Amino acid sequence: MLRGLLPQQLHLRMFIYMALAFTVTIYIFSYILTRQLTNNAITEIDRLTLQRIAQVKDNTDFTLRKLKLYSVRIFRDQNVNGWMTASEVDYWVFKQMELSLTDYLGIEPFIQSVNVINPSINRMYASDKGLTKLTDEENIEFLEQVRSEKSQNLNLRNYEIQGKSYLLLVVRDVIDRGENNSKLAVLLDKEKLQQYILQMNKQIANDVFILNGEGELMLGNVSDEMLKKVRTLSLNGNLGKSHFSVDGEEWSLRYQTLSISGWKIFHLTSLETLNQSISVTRWTILLCFSLLVLIIWMILYWYSRTNIRPIGTMLQAIQVRIGQPYVPSNTVETTVSITSGIESLINKVEQMDRSIKDSKSLIKEERLRQWILNGSLSERYKKEWFQEIPVLAAGSIRLAVLRIRYYAAFCDKYDFPSRKLMKYAIGNIANEVMRQYGLAGEAVDIGIDHTVLIFPDTKKKEKIDAMLQEIKSNIDQWLHIGVVAAVSDPKASDEALLQSYELVMEASMLNFIDGKDRVYSESDLKQFEDRPNYLDEDVIRELVASVRIGNLLAVKGYLEQLAGDMKGMTYSECKMQLVHLIYELMKSFKKLNTVKGMEGIEHTLNQFHHLNEAFHWIETFLHQIVDDLKQRSTNNRKEEIVTEAVQYIRNNLHNPMLSVDSIADHTSVSVSYLRAVFKEWMDCPISDFISNQRLDRVKELLLSTDLTVAEVAEQAGFQTKSHFFTTFKKVFGTTPIQFRQQQKIK
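These figures come from a predicted structure and were not determined experimentally. (Residues numbered from 1 in each chain as written. Predicted model: local features only at pLDDT ≥ 70, side-chain atom pairs only at ≥ 80, totals over all residues. Heavy atoms only, no water.)

### Some remarks on the overall build of the chain
- The helix and strand tally for the chain stands at 29 helices and 17 strands.
- Sequence-distant contacts, at least 24 apart, represent 60% of the contacts inside the chain between residues at least 6 apart.
- Just so you have it, the chain exposes about 41900 Å², and 53% of that area is on carbon and sulfur atoms. (Helix = DSSP H or I, 4+ residues; strand = E, 2+ residues; numbered from the N terminus. Contact = heavy atoms within 4.5 Å. Areas by Shrake-Rupley, 256 points an atom, 1.4 Å probe, with all protein chains shown as cover.)

### Details of empty space enclosed by the protein
- Per the stated rule, a full pass over the model turns up 2 cavities of 30 Å³ or more.
- Considering only enclosed or pocket space, the second largest cavity measures out at about 40 Å³ in volume.
- Along its surface, the second largest cavity is lined by F62, K66, E639, V642, T643, W681 and M682.
- Taken together, the elements giving at least two residues each to the lining of the second largest cavity come down to α2 (10-76), α23 (637-651) and α25 (671-682).
- The dominant element in the lining of the second largest cavity, judged by the number of residues it contributes, is α23, at 3 residues.
- For the lining of the second largest cavity, the residue count by class is 4 nonpolar, 1 polar and 2 charged. (1 Å grid on protein atoms, 1.4 Å probe; cavity = no way out; pocket = protein on both sides within 12 Å on 5 of 7 lines; lining within 4 Å. Points joined across faces, edges and corners; volume = space filled by probe spheres on them. Nonpolar A, V, L, I, M, F, W, Y, C, P; charged D, E, K, R; others polar.)

### Overview of the sheet that holds strand β3 (residues 130-133)
- Strand order in the open sheet formed by 6 strands is β3-β2-β1-β6-β5-β4, and the pairing between neighbours is antiparallel. Looking at the sheet topology across the chains shown, the edges are occupied by β3 and β4 (156-161). Adjacent strand axes in the sheet meet at a mean angle of 25 degrees when their direction is disregarded.
- The pairing of β4 with strand β5 (residues 164-172) spans 6 bridges and is antiparallel. Directly across from Y159, in β5, lies its bridge partner Y166.
- Relative to strand β1 (residues 111-118), helix α4 (residues 91-107) is tilted by about 155 degrees, and along the sheet it contacts β1, β2 (123-126) and β3.
- Across the sheet, helix α6 (residues 190-197) is in contact with β4, β5 and β6 (183-189); its angle to β6 comes to roughly 55 degrees. (Pairing = 2+ DSSP bridges. Axes fitted to C-alpha atoms, helices over the stretch in contact; angles between N-to-C directions.)

### So, the sheet that holds strand β11 (residues 264-270)
- The 5 strands lie next to each other as β8-β7-β11-β10-β9, forming an open sheet whose pairing is antiparallel. The open sheet has two edge strands with one neighbour each: β8 (217-219) and β9 (239-246). On average, each strand axis in the sheet is tilted by 35 degrees relative to the strand beside it, whichever way the strands run.
- Looking at chain direction, β9 and strand β10 (residues 249-257) are connected through 8 bridges and run antiparallel. Considered in β10, the bridge of S242 is made with L253.
- Most of the contacts of helix α7 (residues 224-232) go to β9, to which it runs at about 130 degrees, and overall it touches β7 (208-211), β8, β9, β10 and β11.

### Let's talk about the side chain of D189
- Of note, D189 is situated in strand β6.
- Nearest to the buried, unbridged D189 among oppositely charged side chains is K164, at 4.4 Å.
- Those residues in contact with D189, other than ones at most four positions away along the chain, are F110, Q112, K164 and Y166. (Buried < 20%, exposed > 50% of the residue type's maximum accessible area, 1.4 Å probe, protein only. Lys, Arg positive; Asp, Glu negative; His and termini not counted. Salt bridge = Lys/Arg side-chain N within 4 Å of Asp/Glu carboxyl O.)

### Focus on the pairing of β11
- Among the 7 residues of β11, 7 are classified as buried, and the element is accordingly described as predominantly covered.
- Burial along β11 is two-sided: the face carrying K264, F266, L268 and S270 and the face carrying I265, H267 and T269 are both buried.
- Sheet topology places β7 next to β11; 4 bridges connect them, and they run antiparallel. Paired with F209 across the two strands is F266, which belongs to β11.
- In this sheet, β11 lies alongside β10 in antiparallel orientation, the contact comprising 7 bridges. Bridge pairing in β11 links L253 to L268.

### Focus: the nonpolar core
- In this structure, L578, L581, F615 and L622 are the most contacted members of the largest nonpolar core, which totals 59 residues.
- Sequence-distant contacts of L578, defined by excluding residues within four places in its chain, comprise F512, M566, L605, L611, A614, F615 and I618.
- Core analysis: the second largest hydrophobic core is formed by 39 residues, M97, F110, L169 and I197 among them. (Core = buried A, V, L, I, M, F, W, Y, C linked by side-chain atoms within 4.5 Å.)

### A short note on the environment of I53
- The topology assignment puts I53 in helix α2.
- Sequence separation between I53 and V208 is 155 residues; the distance between their C-alpha atoms is 8.1 Å.
- Setting aside residues no more than four positions away along its own chain, I53 makes contact with R254, Y255, Q256, I265 and H267.

### What about the pairing of β7?
- Of the two faces of β7, both are covered, the one formed by V208 and I210 as well as the one formed by F209 and L211.
- Two elements, β7 and β8, share 2 bridges in a ladder whose sense is antiparallel. The partner of I210 across the bridge, within β8, is L219.
- Between β7 and β8, which follow one another and run antiparallel, lie 5 residues, and G215 among them has a positive phi close to 80 degrees.

### A word on the pattern of salt bridges
- This structure, assessed with the given rule, holds 17 salt bridges.
- For E680, the salt bridge is made with R73, and the minimal N-O distance between the two is 3.7 Å. A residue pair is termed long-range when its members are at least 10 positions apart, and E680 in helix α25 and R73 in helix α2 qualify at 607 residues.
- The partner of K461 in a salt bridge is D465, and the shortest N-O contact between them spans 2.8 Å. You can see K461 and its partner D465 sitting in helix α14 (residues 461-479), 4 residues apart, about one turn around the helix.

### A look at the packing of aromatic side chains
- The tally for this structure, following the rule as stated, stands at 18 aromatic pairs.
- Taken together, the ring pairs connect F718, F724, F725, F728, F732 and F739 into an aromatic cluster.
- The residue whose ring lies beneath R73 is W681, and the NZ or CZ to ring-centre distance is 5.5 Å. (Phe/Tyr/Trp six-rings, centres within 6.5 Å; stacked < 30°, edge-to-face > 60°. Lys NZ or Arg CZ within 6 Å of the ring centre and 35° of its normal.)

### Describing the environment of I549
- Looking at the secondary structure, you find I549 in helix α17 (residues 537-549).
- Of the residues examined, I549 reaches a relative accessible area of 66% and is grouped as exposed.
- The spatial distance from the C-alpha of I549 to the C-alpha of L629 is 8.7 Å, given a sequence separation of 80 residues.

### Points about the packing of helix α26 (residues 686-704) against helix α28 (residues 721-732)
- Their axes nearest at 11 Å, the elements α26 and α28 cross at an angle of 90 degrees. The orientation of α26 with respect to α28, classified from their angle, is roughly perpendicular. Here S691, L695, V698, K699 and L702 of α26 lie close against α28, whose contacting residues are F724, T727, F728, V731 and F732.
- Across the contact of α26 with α28, the residue classes break down as 7 nonpolar, 2 polar and 1 charged. (Parallel < 35°, antiparallel > 145°, perpendicular 65-115°, else oblique.)

### Considerations on a nonpolar patch on the surface
- Taken together, the side chains of L291, L294, I295, W297, M298, I299, W302 and Y303 make up a nonpolar region of the molecular surface, amounting to roughly 850 Å² of accessible area.
- Secondary-structure assignment places Y303 in helix α8 (residues 271-321). (Patch = residues over 30% accessible without salt bridge, like charges linked within 9 Å, V, L, I, M, F, W, Y side chains within 5 Å.)

What follows is the structure, encoded as structure tokens:
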């Protein structure tokens, strides 16, 4: 019954079949795709949320720890402590203290003001107000806040001045002397801290905020209703997730505990907004696929009308011719028609193949190419082509290579057909000159950038050099193309030519090293046999050190020494060592993104025609590095080094090969200097810091994931399981498995 509803025309029936098949396939695919995209979007949002929480946690822990250590450092400063403990007013002691505070405030941008309190002389110095008495009315409220802080743990609390909120940090003596105890009160700028830690600004609302143990908002902006709701939630564990609704809107909440006791980071995500975005994406994909289906229908209809309709017409005409009625179905006649068409195509292909085989010149060139690249010719081919290739009769032959000197520029100037014509002309010029010298030689276009000549050996090397020089001269005169010529040693005609061909190609590359206009020979490569094929790494390190100290004279000397070493190498060895040298220099000065990796380095080297050009470019690059290093400001260098080192450590904790040496290389300082600066700023050795960070990562992974202990150790960067178990038990007093079980029970 359905068959009766189909149109009789073959092309319309084929259109309907193909349209239905494509439509069903596309809509099934669109359904699967939308589901997969939805799942991927939710997974990615969850991953990004965890990543952002972890980033905010690391930034908060590091920044607040640094600020606390910095405040203690101010408190312990000799000049500041001298004024705090003074028993009488001394102008010079005050001025020294004021100058020291000015220096400290100029370095740390998060400190709004520093207040130094000396009850013995009834004075308080505020960095933003100056020197005042403790009994002044404007100081009473502030002093009450300071005196109420009794803890020695450097706790942070909120404090408001004229409607603006700050974080207050009080540093006091370990020995409590009551009201006479000197104190240092530091006000931290909340706005700047939020901009740095939470990436907040006044124009953009933020979905991350931090509460202390009492539920007080410490950093971030959140509505009062949302804050009340969060305070009522039961949040267990260091890392978790919760859902709740406010005014009918669903929210997803993720939280993580900070190292600061009682503080938690919260991240809010509106589920309603997320669902709307997913719904919009689904409908967009569905509409796009619907448009695609419509376009495919149009293409299929056009295709069936232009390609299948003639077949149907032809079949109808054939059936009419043989006296059969036209049957609009998959009949035998359709198969016969298609089969006859294929047979006709095969016949034409066979005719073309026979025509190609009849072309002697093409076969001749192909035989020569096989002779060079695959080995010696068989006796059958020698007898068959003896008349066409006279060089086969020679007992001793030579190979020569004519390589286009500036092939990149040659390709830019000519398109592919023009390049083929130019290389054909190079072969004709070479054949004509060889005939003038009485040599029955052959020119073969191997491909790419060179042509190979095969000719009988004359036993006179001078004659061969003169012939090749004349070929070069004629090519330059008539085609304006510069070529490099190289010739092999004599070879027996029945000997395999591939090795000799490769050696001659290598010899032609020597022009890159010496840049001379001469005919190179296979024997030129022998001078490189006993020479070292690598660069002295000590010289490269001295070169890098000279650049860093700005010694341009030493840089020039080391470059000349390296260039001299490379001139004693073959082209392939020289090119490999040149890439290695440039890579080491780029890596040492963090410029790898400038050349875009190893491929970029090789692309840059292809622009140079001689070794001297490459070293001139390297010298210019190093001069620019020296200028950049001189212009770089040295202010706050220690803090930059420590910050960069900490970031590098956290990004590479999973790497078991992370070491102080690799961190020093990354920060471009010596190992001893890095250890000293890190110890000074972080108040702990860098090796202890790495170990502590790895143990923190282990603890986090044990509590928040189901990874095995071996996988946790690997992701935390421990080289061996024995070292991991020993270190973990030494710090936590138990094994990782027992630790995870104990925490789950709690």
